Amino acid sequence: MAFISSGYNPDKPMENRITDIGPRNYEEFYPPVIKKNKGKWLYHEILEPGVLVHVAESGDEVYTVRVGGARLMSVSLIQEICEIADKHCGGYVRWTTRNNIEFMVDSKDKVEPLKKDLSSRKFDAGSFKFPIGGTGAGVTNIVHTQGWLHCHTPATDASGPVKATMDVLFDDFQNMRLPAQLRVSLACCLNMCGAVHCSDIAILGYHRKPPMLDHEYLDKMCEIPLAVAACPTAAIRPTKVELPDGKKVNSVAVKNERCMFCGNCYTMCPAMPLADKEGDGIVIMVGGKVSNRISEPKFSKVAVAFLPNEAPRWPQTTSIIKKITEAYANGGRKYERLGDWAERISWERFFDVCELEFTHHLIDDFRDPAYYTWRHSTQFKF
Amino acid sequence: MKLKHETPMLDELESGPWPSFVSDIKQEAAKRAKNEKNVEYQIPTDVCDDLLGILELSFKHGRTHWKHGGIVGVFGYGGGVIGRYCDQPQNFPGVAHFHTMRVSQPGGKYYTTDFLKQLCDLWDLRGSGVTNMHGSTGDIILLGTTTRQLEEVFYELTHNMNQDLGGSGSNLRTPADCLGQSRCEYACYDTQHLCYTLTQEYQDELHRPAFPYKFKFKFDGCPNGCVASIARSDMSFIGTWKDDIRIDQEAVQAYIGGEIAPNGGAHAGRDWGPFDIQKEVINLCPTECMWMDGKDLKIDNKECVRCMHCIDAMPRALRIGQDTGLSILVGAKAPILDGAQMGTMLVPFIKAEEPYDEIKEVIESIWDWWMEEGKNRERLGELMKRQGFQRMLEMTNQKPDPRMVKEPRHNPYIFWKEEEVEGGFERDVNEFRKHHQR
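The following paragraphs examine the structure supplied in this document. (Residues numbered from 1 in each chain as written. Chains lettered and ligands numbered in written order. Predicted model: local features only at pLDDT ≥ 70, side-chain atom pairs only at ≥ 80, totals over all residues. Heavy atoms only, no water.)

Some details on the interface of chain B and chain A
Reasoning step 1: With 143 residues of chain B in contact, the opposing surface of chain A contributes 139 residues.
Reasoning step 2: In total, chain B and chain A occlude about 12700 Å² of area from one another, counting both sides; carbon and sulfur atoms represent 59% of this.
Reasoning step 3: In terms of surface lost to chain A, no three residues of chain B exceed Trp18, His68 and Arg183 of chain B, which account for 8% of the buried area on that side.
Reasoning step 4: Here chain B is connected to chain A by 10 salt bridges.
Reasoning step 5: Here Arg208 of chain B ties to Asp20 of chain A by a salt bridge, and the two come within 2.7 Å at their closest N and O atoms.
Reasoning step 6: Between the two partners, chain B and chain A, sit 80 residue pairs in polar contact (both at pLDDT 80 or more).
Reasoning step 7: Here the side of chain B that touches chain A gets 10 residues from one element, more than from any other, and that element is helix α4 (residues 113–126) of chain B.
Reasoning step 8: Along the lines of polarity and charge, the residues of the side of chain B that touches chain A split into 59 nonpolar, 49 polar and 35 charged. (Contact = heavy atoms within 4.5 Å. Buried area = accessible area lost by both parts, 1.4 Å probe. Salt bridge = Lys/Arg side-chain N within 4 Å of Asp/Glu carboxyl O. Polar contact = N/O pair within 3.5 Å; in protein donor to acceptor, adjacent residues only side chain to side chain. Helix = DSSP H or I, 4+ residues; strand = E, 2+ residues; numbered from the N terminus. Nonpolar A, V, L, I, M, F, W, Y, C, P; charged D, E, K, R; others polar.)

Structure follows, in structure tokens:
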């Protein structure tokens, strides 16, 4: 391959340099019907799962067909999206916050051909490229992180468990039978780039073994004071270590019983890796939400302390998620989010109906907030 | 077409209905190998093959094979590029260098296909051809290229596409918004305009890390919170209103009469029985401020907390008020280190009007405080906990307001300041002893 210059001159990096221009202005990318009616929308309706209509004061309508997608996406697939958008949508398309793709058309007669086109496209091995759904009282796309595909700190994969989970929840992606929307999210470690901590169901990668110490290299690779300061439980202290060859080096020591396995030390110091096949796995958290609707936003709570990483399809994880979803579908009242349902029936009942074991791991013992989660009353259910 | 590596575990992720990322990357690998368009690929042609190969190895080992980052970037910026190297470069040379570039996404994530095609061509030529649409913060993520290509990509982005990189590291992260007024009747302010204006205003903070840690802005048009700003942004801007919910009584009757499906038809997948306004709307109102007066729906707006339920449930009958603005909440973050934090109400109501000077004042006073007092890798929420919310009020010149708390404090351990106590703290102990023997 011959190098092709963009025009950049490495000897004079500042020559013709353009910086600090920010993103393109959104106005350039609005479809005409959106531009015309911005701020003047009257109401919307979900005509069927994955198909919405928004009606403006002017009487204009915009029909949206929402499809799911792996957020990990090749340029060929994006080019195919462009081809569809050129054919049906005048060359416009958008993504949602939850990695769905939305194709918009300005009249109803354009909806069916668009739907037909989208549904007909499949990968060679058989999965849909553009499944229609993800609206209303159902499951929408999973927001997630990078996992083993690109991240250096994950305790699980992201795209793999997401694919496996969405296969299991697929009917609810294309249906709206649940009491309310069910937001599922995945973060492959506690850093939670995916911010899953307020999701109806959160799949969280977690380590369970303290860091290994690469003494020979630690002082060369890391700022020891930063590694020490990184530990939220003060489990790390500086120390001198004698290597097998008798050489003394500066390093750190870890009080394993204080370790909460957050991996923050590894973020600061690459000589403290903690990933481990048996140690790493998944925590299932439930009942969080970000909406202010009816009840206030709330954090997800730990429902299952640990599940092993069962690549490639994480069967225990997906079956527990399915079980929780079914229990919620059966027990929730209309408009009730999963967390509100669990609080109404009580958490003790939640563990019964979801057939989940309540273990000591699920009682909070992390600092002050823990106390506020213990029961301070005589009100409980048998 | 045969791929470079056997991937028996990944192959199992090709079945099932949900779009398979494995199928997609395989397709991309095959396309690059064939190279029908004679692209002069600037990074190894087999990059996608090796990406699948190393991912298969991770599936087998149950551990990642990516090394800790590396300091790479484009000249003059401290963010926007994340260095990445694999730990098995001999076996997977195509992904030996696999750096990420974050490209600042447009507001509302609307695109023209012209823009996307240009971006695809660029990434096909100079990168792996693999992306994330989009990353968790909101950027377009270009996943995997070599160090030499970073400046080339940046040059093409800025010169040919009028497009900049986003944020990473200890800086302002690329702000993100909901689609807002562009296609939503609930939006209380123009999220796109405010997001774009502040993004442009703070380009320096976005590209050149000068903060103690990351800092996120997110813009939600209403309390439904579709971009989850309240859970994951250091400053969360959530639309709200002060006046009355607009009621169309005829439409209320149409909902009661079953002519319009509630909640925009969101519950159509099950027979929940006929719509019951008492049970489904009035009784679920968290402040019990609604009732039927004969055929008219009444709302005591003074008692409304704008939870959105009644509007969500009957969007054709009820609309947000017209005296709109936004609330600013501060300090939300994910769990690392001291546990997750939800946003805390700092400014209950502020108008969202150009040029947004009042909003910028709040932002800049918070940054002044945090940059002065924040420790290395301390998020704003953690500083708030360490120094107290009163300090936040002092630094931002906000008046204490009961709307900022759920309830008053549980203890009387008030840190009285000397100037708040009559006569000050200095006293004469001998004078005291004249009346109180030792």
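Overview of the environment of Gln42 of chain B
Reasoning step 1: By the secondary structure assignment, Gln42 of chain B is in the loop between α2 (21–34) and α3 (47–61).
Reasoning step 2: In this structure Gln42 of chain B comes out as buried when scored by relative accessible area, which is 7%.
Reasoning step 3: As for Gln42 of chain B and Ile260 of chain B, which are separated by 218 residues in sequence, their C-alpha atoms are 57 Å apart.
Reasoning step 4: A polar side-chain atom of Gln42 of chain B sits 2.8 Å from the main-chain carbonyl oxygen of Ala2 of chain A.
Reasoning step 5: Among the polar contacts made by the side chain of Gln42 of chain B, one reaches the main-chain carbonyl oxygen of Glu40 of chain B at a distance of 2.9 Å. (Buried < 20%, exposed > 50% of the residue type's maximum accessible area, 1.4 Å probe, protein only.)

Some thoughts on the packing of helix α12 (residues 357–373) of chain B against helix α14 (residues 389–396) of chain B
Residues and elements named next belong to chain B.
Reasoning step 1: Contact geometry for α12 and α14: axes closest at 9 Å, N-to-C directions at 125°. Overall, the two elements α12 and α14 adopt an arrangement that is oblique. Considering only the axes of α12 and α14, their crossing is right-handed. The segment α12 lies against α14, with Val362, Ser365, Ile366, Trp369 and Glu373 engaging Arg391, Met392, Met395 and Thr396.
Reasoning step 2: Among the residues making up the contact of α12 with α14, the classes are represented as five nonpolar, two polar and two charged. (Axes fitted to C-alpha atoms, helices over the stretch in contact; angles between N-to-C directions. Parallel < 35°, antiparallel > 145°, perpendicular 65-115°, else oblique. Left-handed = near helix turned anticlockwise from the far one by under 90°.)

Side note on the sheet that holds strand β5 (residues 92–95) of chain A
Reasoning step 1: Strand order in the open sheet made by the six strands is β1(A)-β2(A)-β3(A)-β6(A)-β5(A)-β3(B), with antiparallel pairing throughout. Of all the strands in the sheet, just β1 (41–48) of chain A together with β3 (110–112) of chain B have a single pairing partner and so form its edges. For this sheet the average axis-to-axis angle between neighbouring strands, irrespective of direction, equals 30°.
Reasoning step 2: In this sheet, strand β6 (residues 101–105) of chain A lies alongside strand β3 (residues 61–67) of chain A in antiparallel orientation, the contact comprising five bridges. Bridged to Arg66 of chain A within β6 of chain A is Glu102 of chain A. (Pairing = 2+ DSSP bridges.)

Side note on the state of the cysteines
Reasoning step 1: Enumeration according to the criterion identifies one disulfide over all chains in this entry.
Reasoning step 2: The disulfide bridge from Cys222 of chain A ends at Cys269 of chain A, spanning 2.1 Å between sulfur atoms. Disulfide Cys222 of chain A-Cys269 of chain A: the torsion about the S-S bond is 65°, which places it as right-handed. Note that Cys222 of chain A is positioned in the loop between α6 (215–221) and α7 (224–230) and Cys269 of chain A in the loop between α8 (264–268) and β11 (281–286), a separation of 47 residues in sequence.
Reasoning step 3: Between Cys89 of chain A, a free cysteine, and Cys82 of chain A, which holds the nearest cysteine sulfur, the sulfur-to-sulfur gap is 11 Å.
Reasoning step 4: Cys82 of chain A supplies the cysteine sulfur nearest to Cys120 of chain B, a cysteine that is in no disulfide, at a spacing of 5.7 Å. (Disulfide = S-S within 2.5 Å.)

Regarding the packing of aromatic side chains
For any pair of aromatic rings, the description rests on two quantities: the centre-to-centre distance and the angle between the ring planes.
Residues and elements named next belong to chain A.
Reasoning step 1: According to the stated counting rule, one finds 37 aromatic pairs over all chains in the structure shown.
Reasoning step 2: Considering the side-chain rings of Trp347 and Phe350, the 5.1 Å spacing of their centres and the 65° angle between planes classify their relative orientation as edge-to-face. Taken together, the residues span about one helical turn, with Trp347 and Phe350 both in helix α11 (residues 347–353) at a distance of three residues.
Reasoning step 3: Under the relative-accessibility criterion, Trp347 is labelled partly exposed at 24%.
Reasoning step 4: Judged by its relative accessible area of 0%, Phe350 is buried.
Reasoning step 5: Considering the side-chain rings of Phe350 and Phe351, the 5.5 Å spacing of their centres and the 90° angle between planes classify their relative orientation as edge-to-face.
Reasoning step 6: Looking at Phe351, the relative accessible area reads 9%, which means it is buried. (Phe/Tyr/Trp six-rings, centres within 6.5 Å; stacked < 30°, edge-to-face > 60°.)

Section: the nonpolar core
Reasoning step 1: Among the nonpolar cores identified, the biggest contains 69 residues, and Ile324 and Phe350 of chain A are the most heavily contacted of them.
Reasoning step 2: The greatest single-element share of this core, amounting to eight residues, is contributed by α3 of chain B.
Reasoning step 3: Core analysis: the next-biggest nonpolar cluster, separate from the first, contains 60 residues, Ala56, Val75 and Met104 of chain A together with Leu119 of chain B among them. (Core = buried A, V, L, I, M, F, W, Y, C linked by side-chain atoms within 4.5 Å.)

Focus: the pattern of salt bridges
All names here are of chain A.
Reasoning step 1: Under the criterion given, the structure shown has 56 salt bridges over all chains.
Reasoning step 2: In this structure, Lys298 engages Glu343 in a salt bridge whose closest nitrogen and oxygen atoms are separated by 3.0 Å. Remark: Glu343 occurs in helix α10 (residues 338–345) and Lys298 occurs in the loop between β11 and β12 (301–308); sequence separation between them is 45 residues.
Reasoning step 3: The buried category is assigned to Lys298, whose relative accessible area is 11%.
Reasoning step 4: A cluster of three or more residues bridged by salt bridges with shared partners is formed by Glu80, Glu83, Lys87, Asp117, Arg121 and Lys129.

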